[in-house]
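# Results of the structural survey
Chain by chain, the residues:
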Amino acid sequence: MQRWTGRVAVVTGASGGIGAAITQQLVKDGLKVVGLARRVDKVKEQSTALRSEKGKLYGVKCDVTKEEDVKEAFKWVKSNLGGVDILINNAGGDSSSSLIDGPVENWKVIMDLNVMALSVCTKEALQVMKEKGVTDGHIVHINSTLGHFVPPAEFGFSMYAASKHAVTALAEALRKELVKENSKIKITSVSPGVVKTDFLVSSGTTLLSPEQMYSSNPHLLPKDVADAVTFALSTPPHVQVSELKIQPVVVAVLSVVV
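What you see is a predicted model, and the numbers here were worked out from it, not measured in a lab. (Residues numbered from 1 in each chain as written. Predicted model: local features only at pLDDT ≥ 70, side-chain atom pairs only at ≥ 80, totals over all residues. Heavy atoms only, no water.)

In total, this model carries two aromatic pairs according to the counting rule given. Ring geometry for F157 and Y160: centres 6.1 Å apart, planes at 55 degrees, overall tilted. (Phe/Tyr/Trp six-rings, centres within 6.5 Å; stacked < 30°, edge-to-face > 60°.)

Quick look at the structure:
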(Lines give C-alpha, C1' and ligand atoms only; values in the text may rest on other atoms or scores of the structure.)
Protein backbone atom coordinates (compact mmCIF):
# COMPACT_ATOMS: atom_id res chain seq x y z
CA MET A 1 0.00 0.00 0.00
CA GLN A 2 3.03 2.33 0.18
CA ARG A 3 2.57 3.49 -3.40
CA TRP A 4 -0.80 4.98 -2.43
CA THR A 5 0.59 7.12 0.41
CA GLY A 6 -0.52 10.71 0.00
CA ARG A 7 -2.88 9.93 -2.84
CA VAL A 8 -6.65 10.48 -2.91
CA ALA A 9 -9.44 7.95 -2.42
CA VAL A 10 -13.18 8.58 -2.52
CA VAL A 11 -15.42 6.21 -0.53
CA THR A 12 -19.20 6.34 -0.93
CA GLY A 13 -21.47 5.38 1.95
CA ALA A 14 -18.64 6.18 4.36
CA SER A 15 -20.73 6.95 7.44
CA GLY A 16 -20.93 3.41 8.81
CA GLY A 17 -20.49 -0.31 8.32
CA ILE A 18 -18.25 -1.44 5.47
CA GLY A 19 -17.71 2.10 4.20
CA ALA A 20 -16.46 3.32 7.57
CA ALA A 21 -14.14 0.32 7.93
CA ILE A 22 -12.63 0.90 4.47
CA THR A 23 -12.27 4.61 5.16
CA GLN A 24 -10.47 4.01 8.45
CA GLN A 25 -8.08 1.50 6.90
CA LEU A 26 -7.15 3.77 4.00
CA VAL A 27 -6.50 6.70 6.34
CA LYS A 28 -4.24 4.48 8.45
CA ASP A 29 -2.41 3.54 5.24
CA GLY A 30 -1.63 7.21 4.64
CA LEU A 31 -4.20 8.20 2.02
CA LYS A 32 -6.26 11.36 1.77
CA VAL A 33 -9.76 9.93 1.95
CA VAL A 34 -12.97 11.71 1.01
CA GLY A 35 -15.96 10.08 2.66
CA LEU A 36 -19.21 10.76 0.83
CA ALA A 37 -22.36 10.29 2.89
CA ARG A 38 -25.73 11.79 3.65
CA ARG A 39 -24.89 11.46 7.36
CA VAL A 40 -21.71 13.48 6.94
CA ASP A 41 -21.57 14.22 10.68
CA LYS A 42 -20.68 10.55 11.21
CA VAL A 43 -17.76 10.88 8.78
CA LYS A 44 -16.55 14.00 10.54
CA GLU A 45 -16.63 12.13 13.86
CA GLN A 46 -14.40 9.48 12.28
CA SER A 47 -12.09 12.23 11.01
CA THR A 48 -11.59 13.50 14.53
CA ALA A 49 -10.88 9.99 15.83
CA LEU A 50 -8.33 9.40 13.03
CA ARG A 51 -6.46 12.71 13.23
CA SER A 52 -3.31 11.06 14.61
CA GLU A 53 -3.05 8.61 11.68
CA LYS A 54 -0.80 9.01 8.63
CA GLY A 55 -3.58 10.03 6.27
CA LYS A 56 -6.50 12.39 6.55
CA LEU A 57 -10.26 12.02 6.25
CA TYR A 58 -12.53 14.63 4.71
CA GLY A 59 -16.29 14.40 5.02
CA VAL A 60 -18.44 15.62 2.12
CA LYS A 61 -22.22 15.57 2.30
CA CYS A 62 -23.59 13.78 -0.75
CA ASP A 63 -26.68 11.83 -1.71
CA VAL A 64 -25.21 9.61 -4.42
CA THR A 65 -28.65 9.00 -5.94
CA LYS A 66 -28.67 12.68 -6.97
CA GLU A 67 -26.43 13.30 -9.97
CA GLU A 68 -25.94 16.96 -9.11
CA ASP A 69 -24.74 16.04 -5.60
CA VAL A 70 -22.22 13.62 -7.10
CA LYS A 71 -20.93 16.19 -9.58
CA GLU A 72 -20.53 18.78 -6.83
CA ALA A 73 -18.72 16.26 -4.62
CA PHE A 74 -16.16 15.41 -7.29
CA LYS A 75 -15.81 19.09 -8.13
CA TRP A 76 -14.92 19.62 -4.46
CA VAL A 77 -12.39 16.79 -4.57
CA LYS A 78 -10.77 18.21 -7.69
CA SER A 79 -10.64 21.76 -6.35
CA ASN A 80 -9.40 20.91 -2.86
CA LEU A 81 -7.28 17.78 -3.35
CA GLY A 82 -6.31 17.96 -7.01
CA GLY A 83 -8.13 14.85 -8.18
CA VAL A 84 -8.89 11.25 -7.33
CA ASP A 85 -6.84 8.06 -7.67
CA ILE A 86 -9.15 5.48 -6.07
CA LEU A 87 -12.93 5.17 -5.97
CA ILE A 88 -14.64 2.73 -3.62
CA ASN A 89 -18.29 2.35 -4.62
CA ASN A 90 -19.63 1.11 -1.31
CA ALA A 91 -23.02 2.86 -0.97
CA GLY A 92 -25.86 0.39 -1.39
CA GLY A 93 -29.08 -0.81 0.11
CA ASP A 94 -32.18 -2.92 -0.09
CA SER A 95 -35.87 -2.28 0.46
CA SER A 96 -38.35 -5.05 1.20
CA SER A 97 -40.14 -5.94 -2.00
CA SER A 98 -41.56 -8.73 -4.09
CA LEU A 99 -41.31 -9.13 -7.85
CA ILE A 100 -44.96 -10.15 -7.85
CA ASP A 101 -46.39 -7.48 -5.55
CA GLY A 102 -43.82 -4.67 -5.58
CA PRO A 103 -44.13 -1.92 -4.52
CA VAL A 104 -42.51 -0.47 -7.63
CA GLU A 105 -41.16 2.49 -5.67
CA ASN A 106 -39.02 0.10 -3.66
CA TRP A 107 -37.56 -1.32 -6.87
CA LYS A 108 -36.61 2.17 -7.99
CA VAL A 109 -34.89 2.90 -4.67
CA ILE A 110 -32.77 -0.24 -4.99
CA MET A 111 -31.80 0.34 -8.62
CA ASP A 112 -31.14 4.06 -8.14
CA LEU A 113 -28.72 3.40 -5.28
CA ASN A 114 -27.09 0.09 -6.22
CA VAL A 115 -26.83 0.57 -9.98
CA MET A 116 -27.36 4.13 -11.16
CA ALA A 117 -25.52 5.90 -8.31
CA LEU A 118 -22.59 3.51 -8.64
CA SER A 119 -22.45 4.19 -12.39
CA VAL A 120 -22.63 7.97 -12.00
CA CYS A 121 -19.89 7.99 -9.32
CA THR A 122 -17.72 5.83 -11.55
CA LYS A 123 -18.24 8.12 -14.53
CA GLU A 124 -17.35 11.24 -12.54
CA ALA A 125 -14.27 9.61 -10.97
CA LEU A 126 -12.98 8.45 -14.35
CA GLN A 127 -13.40 11.92 -15.83
CA VAL A 128 -11.35 13.44 -13.01
CA MET A 129 -8.71 10.70 -13.35
CA LYS A 130 -8.38 11.42 -17.06
CA GLU A 131 -8.12 15.18 -16.48
CA LYS A 132 -5.40 14.60 -13.88
CA GLY A 133 -3.58 12.10 -16.08
CA VAL A 134 -3.96 9.22 -13.64
CA THR A 135 -2.86 6.02 -15.39
CA ASP A 136 -2.78 3.66 -12.41
CA GLY A 137 -6.11 4.44 -10.75
CA HIS A 138 -8.33 1.82 -9.18
CA ILE A 139 -12.11 1.52 -8.95
CA VAL A 140 -13.64 -0.96 -6.51
CA HIS A 141 -17.30 -1.95 -6.52
CA ILE A 142 -18.55 -3.43 -3.25
CA ASN A 143 -20.75 -6.11 -4.73
CA SER A 144 -22.30 -9.16 -3.01
CA THR A 145 -22.35 -12.91 -3.35
CA LEU A 146 -25.94 -12.24 -4.44
CA GLY A 147 -24.40 -10.76 -7.55
CA HIS A 148 -23.56 -14.32 -8.54
CA PHE A 149 -26.63 -16.37 -7.58
CA VAL A 150 -30.32 -15.86 -6.81
CA PRO A 151 -31.50 -16.52 -3.23
CA PRO A 152 -34.73 -18.29 -2.19
CA ALA A 153 -37.82 -16.14 -2.75
CA GLU A 154 -38.89 -16.15 0.90
CA PHE A 155 -36.00 -13.90 1.87
CA GLY A 156 -37.25 -11.01 -0.27
CA PHE A 157 -33.91 -10.17 -1.88
CA SER A 158 -34.98 -10.70 -5.50
CA MET A 159 -34.59 -7.13 -6.75
CA TYR A 160 -31.51 -6.64 -4.59
CA ALA A 161 -29.94 -9.71 -6.22
CA ALA A 162 -30.85 -8.33 -9.64
CA SER A 163 -29.12 -5.05 -8.79
CA LYS A 164 -25.99 -6.87 -7.65
CA HIS A 165 -25.96 -9.01 -10.80
CA ALA A 166 -25.97 -5.67 -12.62
CA VAL A 167 -22.92 -4.59 -10.60
CA THR A 168 -21.12 -7.77 -11.69
CA ALA A 169 -21.92 -6.98 -15.33
CA LEU A 170 -20.99 -3.30 -14.93
CA ALA A 171 -17.57 -4.18 -13.51
CA GLU A 172 -16.75 -6.48 -16.41
CA ALA A 173 -18.18 -4.07 -19.00
CA LEU A 174 -16.07 -1.22 -17.60
CA ARG A 175 -12.99 -3.43 -17.67
CA LYS A 176 -13.57 -4.05 -21.38
CA GLU A 177 -14.09 -0.34 -22.07
CA LEU A 178 -10.85 0.53 -20.23
CA VAL A 179 -8.97 -2.11 -22.21
CA LYS A 180 -10.38 -0.65 -25.43
CA GLU A 181 -8.91 2.72 -24.42
CA ASN A 182 -5.54 1.12 -23.52
CA SER A 183 -6.06 2.31 -19.96
CA LYS A 184 -4.31 0.64 -17.04
CA ILE A 185 -6.89 1.80 -14.52
CA LYS A 186 -8.03 -1.27 -12.61
CA ILE A 187 -11.57 -2.36 -11.76
CA THR A 188 -12.29 -4.81 -8.94
CA SER A 189 -15.58 -6.31 -7.79
CA VAL A 190 -15.52 -7.39 -4.14
CA SER A 191 -18.40 -9.73 -3.28
CA PRO A 192 -18.85 -10.43 0.44
CA GLY A 193 -21.35 -12.80 1.98
CA VAL A 194 -23.26 -11.89 5.14
CA VAL A 195 -21.61 -8.92 6.88
CA LYS A 196 -22.69 -7.69 10.28
CA THR A 197 -23.67 -4.04 9.72
CA ASP A 198 -26.76 -1.85 10.11
CA PHE A 199 -27.67 -2.73 6.50
CA LEU A 200 -31.04 -4.27 7.37
CA VAL A 201 -32.06 -1.37 9.59
CA SER A 202 -30.92 1.42 7.26
CA SER A 203 -32.50 -0.27 4.24
CA GLY A 204 -35.85 -0.64 5.94
CA THR A 205 -35.98 -4.37 5.25
CA THR A 206 -38.70 -5.98 7.38
CA LEU A 207 -38.63 -9.60 6.22
CA LEU A 208 -35.59 -10.34 8.37
CA SER A 209 -34.54 -8.71 11.63
CA PRO A 210 -30.84 -8.23 12.45
CA GLU A 211 -31.28 -10.75 15.27
CA GLN A 212 -32.64 -13.36 12.84
CA MET A 213 -29.86 -12.70 10.36
CA TYR A 214 -26.80 -12.65 12.59
CA SER A 215 -27.81 -15.12 15.30
CA SER A 216 -28.52 -17.90 12.81
CA ASN A 217 -25.83 -17.25 10.21
CA PRO A 218 -22.04 -17.20 10.22
CA HIS A 219 -21.05 -13.70 9.17
CA LEU A 220 -18.16 -11.43 8.30
CA LEU A 221 -17.26 -8.15 9.98
CA PRO A 222 -16.78 -4.86 8.09
CA LYS A 223 -13.02 -5.03 8.68
CA ASP A 224 -12.91 -8.32 6.77
CA VAL A 225 -14.23 -6.53 3.69
CA ALA A 226 -11.83 -3.63 4.25
CA ASP A 227 -8.96 -6.13 4.35
CA ALA A 228 -10.14 -7.58 1.03
CA VAL A 229 -10.20 -4.11 -0.54
CA THR A 230 -6.70 -3.41 0.79
CA PHE A 231 -5.49 -6.67 -0.74
CA ALA A 232 -6.84 -5.71 -4.16
CA LEU A 233 -5.33 -2.22 -3.93
CA SER A 234 -1.95 -3.51 -2.79
CA THR A 235 -1.31 -5.67 -5.86
CA PRO A 236 1.48 -4.48 -8.20
CA PRO A 237 0.55 -2.48 -11.32
CA HIS A 238 0.58 -5.53 -13.61
CA VAL A 239 -1.81 -7.53 -11.39
CA GLN A 240 -5.57 -6.97 -11.42
CA VAL A 241 -7.96 -8.68 -9.02
CA SER A 242 -11.07 -8.80 -11.18
CA GLU A 243 -13.45 -10.53 -8.76
CA LEU A 244 -12.94 -11.31 -5.09
CA LYS A 245 -15.55 -13.31 -3.20
CA ILE A 246 -15.26 -13.54 0.57
CA GLN A 247 -17.54 -15.54 2.80
CA PRO A 248 -17.60 -16.65 6.44
CA VAL A 249 -16.48 -20.18 7.19
CA VAL A 250 -19.66 -22.24 7.28
CA VAL A 251 -19.97 -24.48 10.32
CA ALA A 252 -23.67 -25.23 9.85
CA VAL A 253 -26.30 -25.05 7.14
CA LEU A 254 -27.03 -21.42 6.34
CA SER A 255 -30.61 -20.26 6.55
CA VAL A 256 -29.76 -17.11 4.59
CA VAL A 257 -26.83 -16.28 2.34
CA VAL A 258 -26.29 -12.72 1.15
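Looking now at the sheet that holds strand β4 (residues 86–89). In spatial order, the strands read β3-β2-β1-β4-β5-β6-β7; together these seven strands make up an open sheet with parallel pairing. The outermost strands of the open sheet, each flanked by one partner alone, are β3 (56–61) and β7 (243–246). Sheet twist, expressed as the mean angle between neighbouring strand axes with direction ignored, is 15 degrees. In this structure, strand β2 (residues 32–37) lies alongside β3, joined through six bridges in parallel fashion. Bridging from a neighbouring strand, A37 pairs with K61 of β3. Contacts between helix α2 (residues 40–49) and the sheet are confined to β2 and β3, with β3 contributing the most and set at about 170 degrees to the helix. Taken strand by strand, helix α4 (residues 104–132) contacts β1 (8–12), β4 and β5 (138–142), and its axis lies near 180 degrees from that of β4. (Pairing = 2+ DSSP bridges. Helix = DSSP H or I, 4+ residues; strand = E, 2+ residues; numbered from the N terminus. Axes fitted to C-alpha atoms, helices over the stretch in contact; angles between N-to-C directions. Contact = heavy atoms within 4.5 Å.)

For the rest of this paragraph, the subject is the packing of α4 against helix α5 (residues 158–180). Across the interface, α4 lies against α5 with an axial gap of 9 Å and an inter-helix angle of 20 degrees. Considered as vectors, α4 and α5 are oriented roughly parallel to each other. Crossing of α4 over α5 shows right-handed handedness. Between α4 and α5, the contacting residues are W107, I110, M111, N114, V115, L118, S119, T122 and L126 on the first element and M159, Y160, A162, S163, K164, A166, V167, L170, L174 and L178 on the second. A per-class count over the contact of α4 with α5 returns 14 nonpolar, four polar and one charged. (Parallel < 35°, antiparallel > 145°, perpendicular 65-115°, else oblique. Left-handed = near helix turned anticlockwise from the far one by under 90°. Nonpolar A, V, L, I, M, F, W, Y, C, P; charged D, E, K, R; others polar.)

Turning to the side chain of T23, a few remarks are in order. Here T23 lies in helix α1 (residues 17–28). Polar contacts involving the side chain of T23 include one to the main-chain carbonyl oxygen of G19, which spans 2.8 Å. Residue contacts for T23: discarding those within four places in its chain leaves V11, A14, V33, Q46 and L57. (Polar contact = N/O pair within 3.5 Å; in protein donor to acceptor, adjacent residues only side chain to side chain.)

With that settled, consider the environment of D29. Checked against the element boundaries, D29 lands in the loop between α1 and β2. Exposure remark for D29: the relative accessible area of 16% places this residue in the buried category. As for D29 and Q2, which are separated by 27 residues in sequence, their C-alpha atoms are 7.5 Å apart. Look past the residues within four positions of D29 in its chain and what remains in contact with it is M1, T5, K54 and T230. (Buried < 20%, exposed > 50% of the residue type's maximum accessible area, 1.4 Å probe, protein only.)

Considering all chains together, one arrives at zero disulfides under this definition. A disulfide-free cysteine, C121 has its sulfur positioned 6.1 Å from the sulfur of C62, the nearest such atom. Residue classification places C121 among the buried positions, given a relative accessible area of 1%. (Disulfide = S-S within 2.5 Å.)

Here the residue pair G102 and P103 is connected by a cis peptide bond, since its omega of 0 degrees sits within 30 degrees of zero. Secondary-structure assignment places P103 in the loop between β4 and α4. The phi dihedral of N182 is positive, around 60 degrees, even though this residue is not glycine. Secondary-structure assignment places N182 in the loop between α5 and β6 (186–192). Since its relative accessible area comes to 70%, N182 is described here as exposed.

The next subject is the layout of surface pockets. When its volume is computed, the second largest pocket comes out at roughly 280 Å³. Among the secondary structure elements, those contributing two or more residues to the lining of the second largest pocket are α4 and α5. It is α4 that contributes the most residues to the lining of the second largest pocket, seven residues altogether. When the residues that make up the lining of the second largest pocket are grouped by side-chain class, the tally is six nonpolar, four polar and four charged. (1 Å grid on protein atoms, 1.4 Å probe; cavity = no way out; pocket = protein on both sides within 12 Å on 5 of 7 lines; lining within 4 Å. Points joined across faces, edges and corners; volume = space filled by probe spheres on them.)

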